[in-house]
Amino acid sequence: MSNTIEQLQVLYEIAMSIGLSLDLRSMLKNSLAVLLKKLSCSAGGVLLFQPHPISSPALHDLQEIHFEEVFTIPRSITHNKAYQAAIRHVPKTIPADRLGVFFQQLPLSGQEDPGSFFYILELPDIGLLILTKYGEGLDPIILKSLKPLSNKLASACKACLQNTALRESEENYRSIFENVQDVYLETRIDGTIIEVSPSIEFISKGQYKKADLIGKSIYEFYTDIKDRGGLIEVMQKTGSVTDFEVSFKNRDASIIFCSISAKMLLNSESQQEKIIGSIHDITDRKQAEDALRESTDYLENLLSFANAPIMV
Amino acid sequence: MFPIQIDLTGTVEGFQKILQQTISQKDVAGVLVLACDANDFKPETVNTILKNIPIPIFGGVFPEIIHGRNKLIRGTILVGLSTRPNIQIIPHLSDPSIDYEEIIAQKFPESGQNKTMFVLVDGFSQRINALIDSLFNYFGLEVNYLGGGCGSLSFVQKPCLFTNEGLIEDSAVLATVDIASGIGVSHGWYSVSGPFKVTEADRNVILTIDWQPAFSIYRRVVEEAAHCEFTDTNFFELAKSYPFGIKRLGGDMIVRDPIMVKENGALVCVGEVPAESYVDILTGDTSSLVKAAGKALTLSLEAFHGPAGRTIIILIDCISRVLFLGKEFEKEIQAVYQEDIPLIGALTLGEIANSGRDYLEFYNKTAVVGCMEAK
């Protein structure tokens, strides 16, 4: 039996080891290893809800949950009888509305063989922690003291999952950003370009790259700077524009017709901060419209002479 | 059967002679080597011999070795194994970029039915703890682990691990065998002062304790307890009696041996001391250490569940216990020696073992006893 000071020291050391990484596997590897070493446990595992509430609807909106083993020490735990006994106490699936009843039973402890203990602890809102220990069981005070540590471990797991979700989301947006054929553009209110997608190379037919434009003024590229004024005017009234037609000068002085869909972003003090939007190349459409207009004009001209004999 | 051959000359010729005798015996499927550092074996003198051995061979060079009641400073012991060991080498044991768990998983795709793993490491490699954690993360308690740090008390890193590829360094040799074993671990050191918080550490170097240079705190406690002052030359002489102990609940403290003080007041230990851990400063006496060695034997015999019949005792004992006990170390061997059971052993630079019940650890200043099935 250890004294209170020793218990506090050990619990402190475990607490300090939790959440040192935002990668779930790395974080659990470090945290669980320290937890097992410090409590003289023989094995441990973390089971998380599936679907987990980070990437799915809120917990109370889920119909049914099952627990997925995401990390164990040791890696292969099928021969650990105490751990397998603990797993038998974990329902394979559980209706979400019964989860609270299950958690009320925790921490759950038992023995597979004499001197072979298992413990199931709640990781609030995210899953379960399982520990096994040979010899003497965990001191009841320690078992109760593990609650704040399992809370911390649960928070660390959530942070890791959120980080993963955020990274995936960022990668997703990055992929869209880098592959979209339209141009994504961010400018300050004064017109300074602060972000532009790599697709500017496509729309400018290779004449401009992203690096050529960052820090430049968008005014340099309008064929008629009144277009910018018109755009700002509409946005100041409505906060956004959709398919607002403008034209830009390419490096070779050719004209690129574009439609802009954009919105004004405000800062925390409700002041106009920047404009974000997408630019769609409508040069082909414009040329088709011009051709159609010319054709129509031609036909109208012809028709205007309809009362006269037409010589073909 | 565990045919044991011993050469007391410590020469390459003597080693070659007993090696031939061992491998010529019927049913010998593998060889364990325990050799003394004073033999001065070098790759250029033993590699040709090792590379021509037709069966798996593994082992280490240690400061000293044990045969029966005798502690040897020169000589070689060979143990013939009737079960073919699966020997794997983990190289680059100081490389901070390596994930040893993945290497172990590749080298041991099936943990199989092996009951015991000999774990021998270059005692001067810098990532022994990472290897130990990786071993446990992969195998858990499926095997009993027994081994320790090889090398020289000169504190100079040099080739110290026997393999079929030759004598190698900065590596680990893992040998799994289908031999039942029981492992006992005990040290006998007790607290004289503490707890102290390790506020800054870099692996095996304690930088600060309670935010002060580690040596300033250590010096105050040790000089008071030992009634003796540190000088420019006596650090190891005094420090060998006052190791650190890292706490854990439900188990003995893990001992860490301070072996050097750096200019910035940091203390270099054998084995890692994590930052944010609490440590005590320990000491021991002949009685407590010898009693602990006896306890390790008892625990190993209790933990042995192999078939009844012949067994062998392997004692893995820290060389620093020899330095601490001096002539009285013979009492420690006596505490482990059983009249009817062969005893061999190595005096190591750190010990690797688990009791079969809890986490695998890298120990210092600890007595580890393995009771092995002799088949």
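Residues numbered from 1 in each chain as written. Chains lettered and ligands numbered in written order. Predicted model: local features only at pLDDT ≥ 70, side-chain atom pairs only at ≥ 80, totals over all residues.

Engineer: It is not clear to me how the overall build of chain A should be interpreted in this structure. Could you clarify?
Structural biologist: Secondary structure summary: chain A contains nine helices and eleven strands in total. For 312 residues, the compact-globule estimate of 2.2 N^0.38 gives 20 Å, and chain A exceeds it by more than 25% at 32 Å. Projected onto the principal axes, the alpha-carbon positions of chain A cover approximately 110 × 45 × 35 Å. The buried share of chain A, taken over its 312 residues, is 29%. Long-range pairs, those at least 24 residues apart, make up 55% of the contacts in chain A with a sequence separation of at least 6. (Helix = DSSP H or I, 4+ residues; strand = E, 2+ residues; numbered from the N terminus. Rg over C-alpha atoms; globule rule 2.2 N^0.38 Å. Buried ≥ 20, exposed ≤ 12 C-beta atoms within 10 Å, placed from the backbone. Contact = placed C-beta atoms within 7 Å.)

Engineer: How should I be thinking about the domain arrangement of chain A in this particular structure?
Structural biologist: Interface size is commonly expressed as the accessible area that is lost once the parts come together. On domain assignment, one finds that chain A holds domain 1 (4–175) and domain 2 (180–300). On a C-alpha basis, the centroid separation for the pair domain 1 of chain A and domain 2 of chain A is 52 Å. (Domains from an automatic or database assignment.)

Engineer: What should I look at first to understand the sheet that holds strand E11 (residues 272–281) of chain A in this one?
Structural biologist: What links the strands of a sheet is backbone hydrogen bonding, and the strands pair in either a parallel or an antiparallel sense. Residues and elements named next belong to chain A. Read from one edge of the open sheet, five strands run E8-E7-E11-E10-E9, paired in antiparallel fashion. Only two strands of the sheet have a single neighbouring strand rather than two, namely strand E8 (193–196) and strand E9 (240–249). This sheet shows a mean twist of 30° between the axes of neighbouring strands, independent of strand direction. Pairing geometry for strand E7 (residues 183–188) and E11, over six bridges, is antiparallel. Opposite Val183, over in E11, you have Ile279 as the bridge partner. Along the sheet, helix H8 (residues 226–238) makes contact with E9, strand E10 (255–266) and E11, crossing E9 at roughly 170°. (Pairing = 2+ DSSP bridges. Axes fitted to C-alpha atoms, helices over the stretch in contact; angles between N-to-C directions.)

Engineer: Explain the sheet that holds strand E6 (residues 76–81) of chain B to me, please; I cannot follow it from the model alone.
Structural biologist: Residue and element names in this part refer to chain B. In spatial order, the strands read E1-E6-E2-E3-E10-E11; together these six strands make up an open sheet with mixed pairing. This sheet does not close on itself; its edge strands, each paired only once, are strand E1 (4–7) and strand E11 (166–168). When the angles between neighbouring strand axes are averaged without regard to direction, this sheet yields 20°. Where strand E3 (residues 57–62) and strand E10 (residues 161–163) come together, two bridges link them in antiparallel fashion. Looking at the pairing, Gly60 lines up with Leu161 of E10. Set on the sheet, helix H1 (residues 12–23) makes contact with E1, strand E2 (30–36) and E6; between it and E1 the angle comes to about 165°. Docked against the sheet, helix H2 (residues 43–51) engages E3, E10 and E11, running at close to 130° with respect to E11.

Engineer: Even after reading the chapter, I still don't get the confidence of the model for chain A, so can you show me in this structure?
Structural biologist: Note: predicted coordinates in regions of low pLDDT should not be interpreted at a detailed level. Of the residues in chain A, 93% have a pLDDT of 70 or more, and the chain-wide mean is 88. Across chain A, element-level confidence peaks in strand E5 (residues 116–123) of chain A with a mean pLDDT of 96 and bottoms out in helix H9 (residues 283–304) of chain A with 82. (pLDDT = per-residue confidence, 0-100.)

Engineer: Is there a simple way to think about unusual backbone geometry in this case?
Structural biologist: A negative phi holds for most residues other than glycine; trans holds for most peptide bonds. The step from Ile73 of chain A to Pro74 of chain A runs through a cis peptide bond, and the omega angle for that step is 0°. By the secondary structure assignment, Pro74 of chain A is in the loop between strand E2 (64–73) and helix H3 (81–88). Even without glycine at this site, Asp243 of chain A takes up a positive phi of about 50°. Within the secondary structure layout, Asp243 of chain A lies in strand E9. At Asp27 of chain B, a residue that is not glycine, the phi angle is positive and equals roughly 75°. The topology assignment puts Asp27 of chain B in the loop between H1 and E2.

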